[in-house]
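These are the residues of each chain, in order.
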Amino acid sequence: MTDVGKRAPTATGIAIVVGLTLAGLVITPHLGLAQTGHELPLPDNPLQGRVLFAGRQCHQCHGIGGSRPGIGRNLGEGHFGGTFLELGAALWNHVPGMSVTLDVTGVPWPRLSGPEMIELVAFLNFIDYLGRPGSSGVGERVFADKQCDACHAVGGGEAHLGPDLADLTTFASPLFVAQQIWNHGPSMFESMRQMNLRPPSFDDGDLADISAYVRQRALPGPRERMLVAPGNPNRGAELFVAKGCSKCHGVDGRGGASGPNLAEVELHRSADGIAGTMWNHALGMSETMRSRGIGWPEFYGSELADLVAFLYFLPFNDPAGDSERGAEVFQARSCVECHGKENADNEAPYLEGSETTASASELVAAMWNHAPTMKKAILNEGRRWPQLTGQDLQDLLAFFADGATTE
């Protein structure tokens, strides 16, 4: 795999994916596909792709987090972010090296359908979302630095304006803490205004650390356990409209009457980091919402997790490509030599207007599944493996679609 982006997730956070649990997260087995964003169907549970990762024996070469077989690159060492086609291009570019490794190890080439390709790539893309476990010691310092102790005690203290957080009867996971803070936003803003305090601003990891501190200091005894699912991006898309977010940011989150395009915001980060970013803009949003007569949205159960998952995947969808550039790519990468109208056959079919090129997922899956055959045809003739970018694939899709409409 190639690194797309700059920020690396922590190995500990990624290892938690393999264990299938994170403090306060529970992974549900259900998987469904629903249309979101730019016609790219996303899995209801992005972590379900771990089954494919193991079932197709990807783990034989690629470790995640603390697990490293030592053959292929550890996928926990780099930021596996980007659009779907950027990641598809990364897979294609590493075919020569990966195929040699599979030949040596005897692992069969893993074939994937279009939906399975989305499922697997979404899982790898989702790893950063889980972030890292919080630190109670750091959380105690953050709690004081952000002046949370001006209103709240944790396990006894002088602050009585807000409730003692150690009295929480529910499991204080990072997203649960974020959800409680958000729901009390308007009253907190008013209380802090009266106390001449600025609302706290949270950096990535702060909410995870605060939740670890609260959990450690929570009063002993039986407590109701609040499990927050990792987030369903499809339900999140529905909530984005139902909670009124679309009134400012547009139905698909890509800009509206008074809100920015959220797909252009750096949201490929941990879930608590996205929730913290929402909170950091909450005061300004509350003033805008009040002026427009929009009520403050509150979240319950796993609703905030679903919304955050939707926001996380906004940059995952690819924009439309350029057909003319796609025609140039088709020529420049020598695709035309095998897949052109005059040269196409059963082994190298004509691509324009075919089912293979009907969608991004089908294109990437077809390229992947036929990569060993294409490798023989290309490398055995002494030609270099054609490197592709996500933009190249976007433009090729537009070119193939144009061929379908003009025939």
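Residues numbered from 1 in each chain as written. Predicted model: local features only at pLDDT ≥ 70, side-chain atom pairs only at ≥ 80, totals over all residues. Heavy atoms only, no water.

On a plain count of helices and strands, the protein chain comes out with 19 helices and four strands. Across the 407 residues that make up the protein chain, the buried fraction comes to 52%. In the protein chain, of all internal contacts separated by at least 6 residues, the share reaching a separation of at least 24 is 75%. Summing over all exposed atoms, the protein chain offers an accessible surface of approximately 18900 Å²; the carbon and sulfur share of this is 53%. (Helix = DSSP H or I, 4+ residues; strand = E, 2+ residues; numbered from the N terminus. Buried < 20%, exposed > 50% of the residue type's maximum accessible area, 1.4 Å probe, protein only. Contact = heavy atoms within 4.5 Å. Areas by Shrake-Rupley, 256 points an atom, 1.4 Å probe, with all protein chains shown as cover.)

Tallied over the full model, the rule gives zero disulfides. Left unpaired, Cys58 is separated from the closest cysteine sulfur, that of Cys61, by 8.6 Å. With relative accessibility at 17%, the residue Cys58 sits in the buried group. Residue Cys61 is classed as buried on the basis of its relative accessible area of 8%. (Disulfide = S-S within 2.5 Å.)

Looking now at the packing of helix α7 (residues 174-183) against helix α12 (residues 271-280). At a minimum axis separation of 9 Å, α7 and α12 run at an interaxial angle of 10°. Here α7 lies roughly parallel to α12, going by the angle between them. Contacts between α7 and α12 pair Pro174, Leu175, Ala178, Ile181 and Trp182 from the former with Ala271, Asp272, Ala275, Met278 and Trp279 from the latter. (Axes fitted to C-alpha atoms, helices over the stretch in contact; angles between N-to-C directions. Parallel < 35°, antiparallel > 145°, perpendicular 65-115°, else oblique.)

It is worth spelling out the confidence of the model for the protein chain at this point. Do not read the fine detail of predicted coordinates wherever pLDDT is low. When pLDDT is averaged along the protein chain, the result is 80; 80% of the residues meet or exceed 70. Here residues 1-38 scores under 50 on pLDDT; set against residues more than four positions off or in separate chains, the count is 109 contacts. (pLDDT = per-residue confidence, 0-100.)

A general feature of soluble globular proteins is that nonpolar side chains tend to end up buried together. The biggest cluster of nonpolar side chains holds 93 residues, and the ones touching the most others in it are Phe84, Met117, Tyr129, Leu311, Phe316 and Leu393. Not counting the four nearest positions on each side in its chain, Phe84 is found in contact with Leu40, Met117, Ile118, Val121, Phe316, Asp318, Ala360, Ser361 and Val364. (Core = buried A, V, L, I, M, F, W, Y, C linked by side-chain atoms within 4.5 Å.)

Per the stated rule, a full pass over the model turns up 19 aromatic pairs. Centroid distance Phe399 to Phe400: 5.6 Å. Interplanar angle 45°. Geometry classified as tilted. Cluster of aromatic residues (ring-pair linked, three or more members): Phe84, Phe126, Tyr129, Tyr312, Phe313 and Phe316. (Phe/Tyr/Trp six-rings, centres within 6.5 Å; stacked < 30°, edge-to-face > 60°.)

Below, the discussion takes up unusual backbone geometry. Here the phi dihedral of Gln57 falls at roughly 65°; this positive angle occurs in a residue that is not glycine. Its identity as a non-glycine residue notwithstanding, Asn196 has a phi of 60°, on the positive side. The topology assignment puts Asn196 in the loop between α8 (185-194) and α9 (206-217).

Counting across every chain of the model gives 10 salt bridges. For Arg193, the salt bridge is made with Glu190, and the minimal N-O distance between the two is 2.5 Å. With a gap of three residues between them, Arg193 and Glu190 both fall in helix α8, about one helical turn apart. Residue Glu303 pairs with Lys243 through a salt bridge whose shortest N-O separation is 3.1 Å. You can see Glu303 sitting in helix α14 (residues 303-312) and its partner Lys243 sitting in the loop between α10 (233-242) and α11 (246-249), a full 60 residues away along the chain. (Salt bridge = Lys/Arg side-chain N within 4 Å of Asp/Glu carboxyl O.)

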